[in-house]
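Geometric and topological summary
Chain by chain, the residues:
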Amino acid sequence: MTISHTGTGDVDPAVREELDRLRDSIDNIDAAVVHMLAERFKCTQQVGRLKAVHQLPPADQAREARQIARLRTLAENAKLDPAFAEKFLNFIIAEVIRHHERIAGDTVNGQAPEAD
(Lines give C-alpha, C1' and ligand atoms only; values in the text may rest on other atoms or scores of the structure.)
Protein backbone atom coordinates (compact mmCIF):
# COMPACT_ATOMS: atom_id res chain seq x y z
CA MET A 1 0.00 0.00 0.00
CA THR A 2 1.20 3.45 -0.84
CA ILE A 3 0.71 6.36 1.51
CA SER A 4 1.16 9.88 0.27
CA HIS A 5 3.91 11.69 2.14
CA THR A 6 2.26 15.11 1.96
CA GLY A 7 2.31 15.44 5.72
CA THR A 8 -1.48 15.01 5.96
CA GLY A 9 -1.46 11.22 5.95
CA ASP A 10 -3.74 11.17 2.90
CA VAL A 11 -4.02 7.81 1.22
CA ASP A 12 -3.64 7.47 -2.52
CA PRO A 13 -7.18 7.43 -4.01
CA ALA A 14 -6.57 4.10 -5.75
CA VAL A 15 -5.44 2.56 -2.47
CA ARG A 16 -8.44 4.09 -0.64
CA GLU A 17 -10.76 2.63 -3.28
CA GLU A 18 -9.23 -0.84 -2.89
CA LEU A 19 -9.42 -0.60 0.92
CA ASP A 20 -13.07 0.42 0.71
CA ARG A 21 -13.83 -2.47 -1.68
CA LEU A 22 -12.14 -4.99 0.61
CA ARG A 23 -13.77 -3.55 3.72
CA ASP A 24 -17.20 -3.72 2.07
CA SER A 25 -16.56 -7.41 1.41
CA ILE A 26 -15.48 -7.91 5.03
CA ASP A 27 -18.64 -6.17 6.25
CA ASN A 28 -20.80 -8.43 4.06
CA ILE A 29 -19.00 -11.54 5.32
CA ASP A 30 -19.40 -10.39 8.93
CA ALA A 31 -23.14 -9.94 8.35
CA ALA A 32 -23.37 -13.43 6.84
CA VAL A 33 -21.46 -14.92 9.79
CA VAL A 34 -23.82 -13.27 12.27
CA HIS A 35 -26.88 -14.54 10.40
CA MET A 36 -25.43 -18.05 10.15
CA LEU A 37 -24.65 -18.06 13.88
CA ALA A 38 -28.22 -16.93 14.61
CA GLU A 39 -29.57 -19.83 12.54
CA ARG A 40 -27.19 -22.24 14.25
CA PHE A 41 -28.36 -21.10 17.69
CA LYS A 42 -32.01 -21.47 16.65
CA CYS A 43 -31.25 -25.12 15.90
CA THR A 44 -29.29 -25.67 19.09
CA GLN A 45 -32.13 -24.13 21.12
CA GLN A 46 -34.43 -26.76 19.63
CA VAL A 47 -31.89 -29.44 20.54
CA GLY A 48 -31.77 -28.03 24.09
CA ARG A 49 -35.56 -28.19 24.44
CA LEU A 50 -35.60 -31.76 23.11
CA LYS A 51 -32.84 -32.78 25.52
CA ALA A 52 -34.66 -31.13 28.42
CA VAL A 53 -37.96 -32.86 27.69
CA HIS A 54 -36.21 -36.23 27.45
CA GLN A 55 -33.89 -35.52 30.38
CA LEU A 56 -30.73 -35.85 28.32
CA PRO A 57 -27.55 -34.16 29.51
CA PRO A 58 -26.83 -30.67 28.15
CA ALA A 59 -23.40 -31.71 26.84
CA ASP A 60 -22.49 -34.58 24.53
CA GLN A 61 -18.71 -34.98 24.72
CA ALA A 62 -18.55 -37.62 21.97
CA ARG A 63 -20.43 -35.36 19.54
CA GLU A 64 -18.31 -32.38 20.52
CA ALA A 65 -15.11 -34.34 19.83
CA ARG A 66 -16.44 -35.42 16.42
CA GLN A 67 -17.43 -31.85 15.60
CA ILE A 68 -14.03 -30.50 16.59
CA ALA A 69 -12.25 -33.08 14.44
CA ARG A 70 -14.60 -32.34 11.55
CA LEU A 71 -14.13 -28.58 11.87
CA ARG A 72 -10.34 -28.91 12.05
CA THR A 73 -10.41 -30.85 8.77
CA LEU A 74 -12.70 -28.27 7.17
CA ALA A 75 -10.37 -25.51 8.36
CA GLU A 76 -7.29 -27.25 6.97
CA ASN A 77 -9.02 -27.71 3.61
CA ALA A 78 -10.02 -24.04 3.61
CA LYS A 79 -6.48 -22.93 4.51
CA LEU A 80 -7.67 -21.63 7.90
CA ASP A 81 -5.65 -22.25 11.04
CA PRO A 82 -7.23 -25.40 12.56
CA ALA A 83 -6.28 -24.27 16.08
CA PHE A 84 -8.22 -21.04 15.55
CA ALA A 85 -11.20 -22.98 14.16
CA GLU A 86 -11.13 -25.26 17.20
CA LYS A 87 -11.01 -22.32 19.62
CA PHE A 88 -13.94 -20.73 17.78
CA LEU A 89 -15.99 -23.93 17.92
CA ASN A 90 -15.15 -24.47 21.59
CA PHE A 91 -16.44 -20.97 22.31
CA ILE A 92 -19.68 -21.74 20.48
CA ILE A 93 -20.04 -25.14 22.16
CA ALA A 94 -19.60 -23.56 25.61
CA GLU A 95 -22.38 -21.08 24.82
CA VAL A 96 -24.66 -23.84 23.52
CA ILE A 97 -24.10 -25.91 26.67
CA ARG A 98 -24.87 -22.85 28.80
CA HIS A 99 -28.15 -22.45 26.88
CA HIS A 100 -28.97 -26.14 27.26
CA GLU A 101 -28.33 -25.98 31.00
CA ARG A 102 -30.63 -22.95 31.27
CA ILE A 103 -33.34 -24.68 29.25
CA ALA A 104 -33.03 -27.84 31.38
CA GLY A 105 -33.25 -25.74 34.54
CA ASP A 106 -36.34 -23.95 33.24
CA THR A 107 -38.09 -27.15 32.27
CA VAL A 108 -41.10 -27.89 34.45
CA ASN A 109 -43.13 -31.10 34.54
CA GLY A 110 -41.39 -32.57 31.51
CA GLN A 111 -42.29 -29.61 29.31
CA ALA A 112 -39.49 -27.50 27.89
CA PRO A 113 -40.05 -23.77 27.73
CA GLU A 114 -41.33 -22.28 24.50
CA ALA A 115 -38.87 -20.97 21.92
CA ASP A 116 -37.24 -17.66 22.74
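Described below are features of the structure shown in this document.

What counts, and where the lines are drawn
- Residues numbered from 1 in each chain as written.
- Predicted model: local features only at pLDDT ≥ 70, side-chain atom pairs only at ≥ 80, totals over all residues.
- Heavy atoms only, no water.
- Helix = DSSP H or I, 4+ residues; strand = E, 2+ residues; numbered from the N terminus.
- Expected span 1.5 Å × (residues − 1).
- Contact = heavy atoms within 4.5 Å.
- Polar contact = N/O pair within 3.5 Å; in protein donor to acceptor, adjacent residues only side chain to side chain.
- 1 Å grid on protein atoms, 1.4 Å probe; cavity = no way out; pocket = protein on both sides within 12 Å on 5 of 7 lines; lining within 4 Å.
- Points joined across faces, edges and corners; volume = space filled by probe spheres on them.
- Buried < 20%, exposed > 50% of the residue type's maximum accessible area, 1.4 Å probe, protein only.

So, about helix α1 (residues 13-53). One full turn of an α-helix is made of 3.6 residues, so residues set three or four places apart face in the same direction. Given a rise of 1.5 Å per residue, 41 residues ought to cover 60 Å, and the 60 Å separating the end C-alpha atoms of α1 matches this to within 8%. Buried-residue contacts for α1 involve α3 (82-106). The opening residue of α1 is D12, an N-cap whose side-chain oxygen sits 2.8 Å from the backbone nitrogen of A14. One or two positions beyond α1, positive phi appears at Q55, with a value near 50 degrees.

Here we come to the layout of surface pockets. Considering only enclosed or pocket space, the largest pocket measures out at about 330 Å³ in volume. Lining the largest pocket are 15 residues, with R40, T44, R63, V96 and H100 sitting closest to its centre. Here the lining of the largest pocket gets five residues from one element, more than from any other, and that element is α1.

The subject of this paragraph is unusual backbone geometry. Residue Q55 is not a glycine yet carries a positive backbone phi of 50 degrees. Tracing the chain through its elements places Q55 in the loop between α1 and α2 (61-77). Overall, the relative accessible area of 72% leaves Q55 in the exposed class. The phi torsion at K79 lies on the positive side, around 65 degrees, for a residue other than glycine. Structurally, K79 is set in the loop between α2 and α3.

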